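Below, each chain spelled out in residue letters.
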Amino acid sequence: MTTIDDLPIRDDLRGQTPYGAPQLDVAVRLNTNENSYPVPEAAVEAIAKALQAELADLNRYPDRDAVALRTDLAAYLGHGLTAAQVWAANGSNEVQQQILQAFGGPGRTALGFGPSYSMHPLLAAGTGTRWIGALRDPDFGLTPAAAVEQIERHRPDLVFLCSPNNPTGTALDPEVIDAVLAAAPGMVLVDEAYAEFARPGTPSALTLLPGHPRLIVSRTMSKAFGFAGGRLGYFAADPAVVDAVQLVRLPYHLSSLTQAAARAALAERDALLATVDAIKAQRDRIVSTLRSRGVRVADSDANFVLFAVPGTASSAGEPAVGDQRAAWQAFLDRGVLIRDVGLPGWLRVTAGDPAETTAFLTAAEEILS
Ligand SMILES: *Cc1c(COP(=O)(O)O)cnc(C)c1O
């Protein structure tokens, strides 16, 4: 059997593993931060109608620049943004890949503060950009001073911030983003995939766009909109950044069907985003229930919760690190699929609907006590 190693693959890809959240057929799937609520019927009908209207024209290429969609996305974001400042692609993963293609690449570096989204280093690897794994504080926070110190030490071409941060859940203090913008010699991307779930009073980095042409704020319809299967991500930035990604994007990268479906979904946003408050309520229920049982939990501005698995201290004075792999399996054995993000002693659970939360908390009562 031929394996990757038998192929003349790029040396820098040898030995790498692909992004791999398990897609298991389990009753309660709380491992990829999807929105558990199906698309509401009215939105299904609106999307179906929009798709139907495109079908006879599939002999033609789509609008290469997706101007109508970008106009709608700018209107959704507000902050006075226009289509010239917004770019869209097949998921925010593709948006970020395009940013790396334009601003990273061989001989260049990208820096992120872990633990954070595992796709950032993978996208860097795929584009031949050297990844610098900077660190958050041990409590998963990030202070302006710690961020600036690591940026000044490495002087990366691109800094990735994630707010609210996946997998820890907490949003960044705007002072951190300010300080990073002042210190970074290159581009700064703030991944706001979970912005719609942030607790009240959490400002978006969109407010910092005026006067910061090296700032990029990426968003997605995969989470709050419940549109993960539709594959639509986007960013807001200076129009020059939009010009830059057009140098690297594939022509016609967004199909007419994707553009039409996303526009219809945006028009139905009141119905689609109606689930956000329900999901936040389940998130807060997970946080408070686990805390009431003595489980360590990170504050969450997202649709998921990071919690510690109890462990026994190996030696006096050492913090007890639980076996998250065994606990992950114990949840799975009870029909609840959550996420082991590779953070020793911690697991991440998506906030789903009330029944899913109950299933998780019931299993947690047995496993974590
Ligand atoms: C889920 C997630 C995304 C979404 O990626 P899409 O390609 O838009 O589905 C982006 N960033 C972070 C941090 C995420 O957790």
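### Quick notes on the side chain of Q98
Step number 1: Mapping Q98 onto the fold places it in helix 3 (residues 91-103).
Step number 2: Q98 gets classed as buried once you look at its relative accessible area, which sits at 2%.
Step number 3: Apart from residues no more than four positions distant in its own chain, Q98 is found in contact with W87, A89, V245, V248, R249 and H253.

### Some remarks on helix 10 (residues 275-292)
Step number 1: Its 18 residues place the ends of helix 10 26 Å apart at the C-alpha level, agreeing with the 26 Å of an ideal helix rising 1.5 Å per residue.
Step number 2: Listed in full, the buried residues belonging to helix 10 are T275, V276, I279, K280, Q282, R283, I286, V287, T289 and L290.
Step number 3: Phi turns positive one or two residues past the end of helix 10, at G294, with a value near 85°.

### As for the site of the ligand
Step number 1: Lining the immediate surroundings of the ligand are 13 residues, of which S92, Y194, T220, S222 and K223 lie closest.
Step number 2: Interatomic distance of 2.8 Å between a side-chain N/O atom of N166 and an oxygen atom of the ligand.
Step number 3: Its free accessible area being 390 Å², the ligand has 93% of it covered by the protein chains.
Step number 4: The leading source of residues in the shell around the ligand is helix 3, at three residues.

### Considering the pairing of strand 11 (residues 346-350)
Step number 1: The element strand 11 is extensively covered by neighbouring structure, given that five of its five residues are classed as buried.
Step number 2: A two-sided burial pattern is seen for strand 11, the buried positions comprising W346, R348 and T350 on one face and L347 and V349 on the other.
Step number 3: In the sheet, strand 9 (residues 304-308) pairs with strand 11 via five bridges, with the strands oriented antiparallel. When the bridges of strand 11 are listed, F304 appears paired with T350.

### Regarding helix 1 (residues 41-55)
Step number 1: A rise of 1.5 Å per residue sets the reference length of helix 1, with its 15 residues, at 21 Å; its end C-alpha atoms lie 21 Å apart and thus fit the reference within 8%.
Step number 2: Next to the buried residues of helix 1 lie helix 8 (256-267) and helix 9 (269-273).

### As for the domain arrangement of the chain
Step number 1: Annotation of the chain at the domain level lists domain 1 (4-39 + 274-367) and domain 2 (41-271).
Step number 2: Its C-alpha centre places domain 1 at a distance of 24 Å from the equivalent point of domain 2.
Step number 3: In this complex, domain 1 contributes 28 residues to the contact, which on the side of domain 2 involves 33 residues.
Step number 4: Between domain 1 and domain 2 lies a buried interface of about 2,400 Å² when both sides are counted; carbon and sulfur atoms form 57% of it.
Step number 5: When the area that domain 1 buries against domain 2 is broken down by residue, the three leading residues are Y19, V39 and D301, summing to 29%.
Step number 6: The interface formed by domain 1 and domain 2 holds one salt bridge in total.
Step number 7: Of the charged contacts in the structure, one is a salt bridge between R199 and D301, with a shortest N-O distance of 2.7 Å.
Step number 8: Where domain 1 meets domain 2, there are 15 residue pairs in polar contact (both at pLDDT 80 or more).
Step number 9: For the side of domain 1 that touches domain 2, the class distribution of residues is 13 nonpolar, eight polar and seven charged.

### Some words on the sheet that holds strand 6 (residues 187-191)
Step number 1: Here we have seven strands laid out as an open sheet, ordered 2-8-7-6-5-3-4, and mixed in their pairing. Looking at the sheet topology across the chains shown, the edges are occupied by strand 2 (86-89) and strand 4 (130-135). Put simply, the sheet's adjacent strands are angled 25° from each other on average, direction ignored.
Step number 2: Summarising the sheet, strand 3 (residues 109-114) and strand 4 pair through six bridges and their orientation is parallel. The residue bridging L111 from the neighbouring strand is I132, located in strand 4.
Step number 3: Packing against the sheet, helix 3 makes contact with strand 2, strand 3, strand 5 (158-162), strand 6, strand 7 (215-220) and strand 8 (233-237), and its axis sits at approximately 115° to strand 2.

### So, the packing of aromatic side chains
Step number 1: Considering all chains together, one arrives at eight aromatic pairs under this definition.
Step number 2: Between the aromatic rings of Y76 and F225, the centroid separation amounts to 5.2 Å while the plane-to-plane angle is 75°, which identifies the pairing as edge-to-face. One end of the pair, Y76, is in helix 2 (residues 67-77); the other, F225, is in the loop between strand 7 and strand 8, with 149 residues separating them in the sequence.
Step number 3: Overall, the relative accessible area of 1% leaves F225 in the buried class.
Step number 4: Between Y194 and F304, the aromatic rings sit 5.0 Å apart at their centres with planes inclined by 80°, giving edge-to-face as the arrangement. Here the residue Y194 occupies a position in the loop between strand 6 and strand 7, and F304 occupies one in strand 9, the gap between them amounting to 110 residues. For the pair shown, Y194 and F304 are each scored as buried.

Rules behind the numbers
- Residues numbered from 1 in each chain as written.
- Predicted model: local features only at pLDDT ≥ 70, side-chain atom pairs only at ≥ 80, totals over all residues.
- Heavy atoms only, no water.
- Helix = DSSP H or I, 4+ residues; strand = E, 2+ residues; numbered from the N terminus.
- Buried < 20%, exposed > 50% of the residue type's maximum accessible area, 1.4 Å probe, protein only.
- Contact = heavy atoms within 4.5 Å.
- Expected span 1.5 Å × (residues − 1).
- Near = heavy atom within 4 Å.
- Polar contact = N/O pair within 3.5 Å; in protein donor to acceptor, adjacent residues only side chain to side chain.
- Areas by Shrake-Rupley, 256 points an atom, 1.4 Å probe, with all protein chains shown as cover.
- Pairing = 2+ DSSP bridges.
- Domains from an automatic or database assignment.
- Buried area = accessible area lost by both parts, 1.4 Å probe.
- Salt bridge = Lys/Arg side-chain N within 4 Å of Asp/Glu carboxyl O.
- Nonpolar A, V, L, I, M, F, W, Y, C, P; charged D, E, K, R; others polar.
- Axes fitted to C-alpha atoms, helices over the stretch in contact; angles between N-to-C directions.
- Phe/Tyr/Trp six-rings, centres within 6.5 Å; stacked < 30°, edge-to-face > 60°.

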